[in-house]
Amino acid sequence: MNIKPLADRVVLKRMEAEEKTKSGIVLPGSAKEQPQLAEVLAVGPGTEENKMEVAEGDRVIFSKYAGTEVKYDGEEYLIVSQKDILAVVK
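Residues numbered from 1 in each chain as written. Predicted model: local features only at pLDDT ≥ 70, side-chain atom pairs only at ≥ 80, totals over all residues. Heavy atoms only, no water.

## Some remarks on the overall build of the chain
When its secondary structure is counted, the chain shows zero helices and six strands. Along the chain, helices (α) and strands (β) appear in the sequence β-β-β-β-β-β when read from the amino end. Buried residues in the chain amount to 27% of all 90 residues. In the chain, the share of contacts with a sequence separation of at least 24, taken over all contacts with a separation of at least 6, comes to 60%. When the accessible surface of the chain is totalled, it reaches about 6,500 Å², and 48% of it is carbon and sulfur. (Helix = DSSP H or I, 4+ residues; strand = E, 2+ residues; numbered from the N terminus. Buried < 20%, exposed > 50% of the residue type's maximum accessible area, 1.4 Å probe, protein only. Contact = heavy atoms within 4.5 Å. Areas by Shrake-Rupley, 256 points an atom, 1.4 Å probe, with all protein chains shown as cover.)

## Side note on the pattern of salt bridges
Going through the model one piece at a time under the given rule, you end up with two salt bridges. Between Glu75 and Lys13 there is a salt bridge, and its shortest N-O distance comes to 2.6 Å. Here Lys13 lies in strand β1 (residues 9–14) and Glu75 lies in strand β5 (residues 75–81), a separation of 62 residues in the sequence. The class for Glu75 is partly exposed, based on a relative accessible area of 36%. The shortest N-O distance in the salt bridge between Arg14 and Glu69 comes to 3.5 Å. You can see Arg14 sitting in strand β1 and its partner Glu69 sitting in strand β4 (residues 68–72), a full 55 residues away along the chain. Taking the relative accessible area as the measure of exposure, Glu69 reaches 56% and is therefore exposed. (Salt bridge = Lys/Arg side-chain N within 4 Å of Asp/Glu carboxyl O.)

## Looking at the environment of Glu39
The topology assignment puts Glu39 in strand β2 (residues 37–43). Between the C-alpha atoms of Glu39 and Asp58, which are 19 residues apart in sequence, the distance is 5.8 Å. Beyond its immediate stretch of four places on either side in the chain, Glu39 contacts Val11, Leu12, Lys13, Met15, Gly57, Asp58 and Arg59.

## Here's the deal with the sheet that holds β4
Read across the sheet, six strands follow the order β4-β5-β1-β2-β3-β6 without closing on themselves; strand pairing throughout is antiparallel. At either end of the open sheet lies a strand with only one pairing partner, and these are β4 and β6 (85–89). Between one strand and the next, the sheet's axes are offset by a mean angle of 45 degrees, whatever the strand orientation. Two strands pair when backbone bridges link them, and β4 and β5 are joined in this way by five bridges, in the antiparallel orientation. When the sheet's bridge partners are listed, Glu69 is paired in β5 with Leu78. (Pairing = 2+ DSSP bridges. Axes fitted to C-alpha atoms, helices over the stretch in contact; angles between N-to-C directions.)

## Notes on unusual backbone geometry
The backbone of Ala7 shows a phi angle near 50 degrees, a positive value even though the residue is not glycine. Ala7 gets classed as partly exposed once you look at its relative accessible area, which sits at 26%. One non-glycine residue, Asp73, lies in the positive phi region at around 50 degrees. Mapped onto the elements, Asp73 comes out in the loop between β4 and β5. Accessibility expressed as a relative area gives 65% for Asp73, which makes it exposed.

Okay, here's the thing in structure tokens:
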């Protein structure tokens, strides 16, 4: 990973959106809701006030409107502050 977050920021890669509903209806690209589940790719060093509680490889749930979307090497990433991460999924 060539993106190194600063302070208490985290680089996330969104998990793929569902192609079908539970009842089997296939969704076109525009109808898919962006997932709030992501994998942590890189973690900043933290600050004195904010110790980092997530690690690379964790799957997390984050706030719906959190972060900044970034395109790098043809991939889309999301950079969020650790406070916008709501939970770690085990």
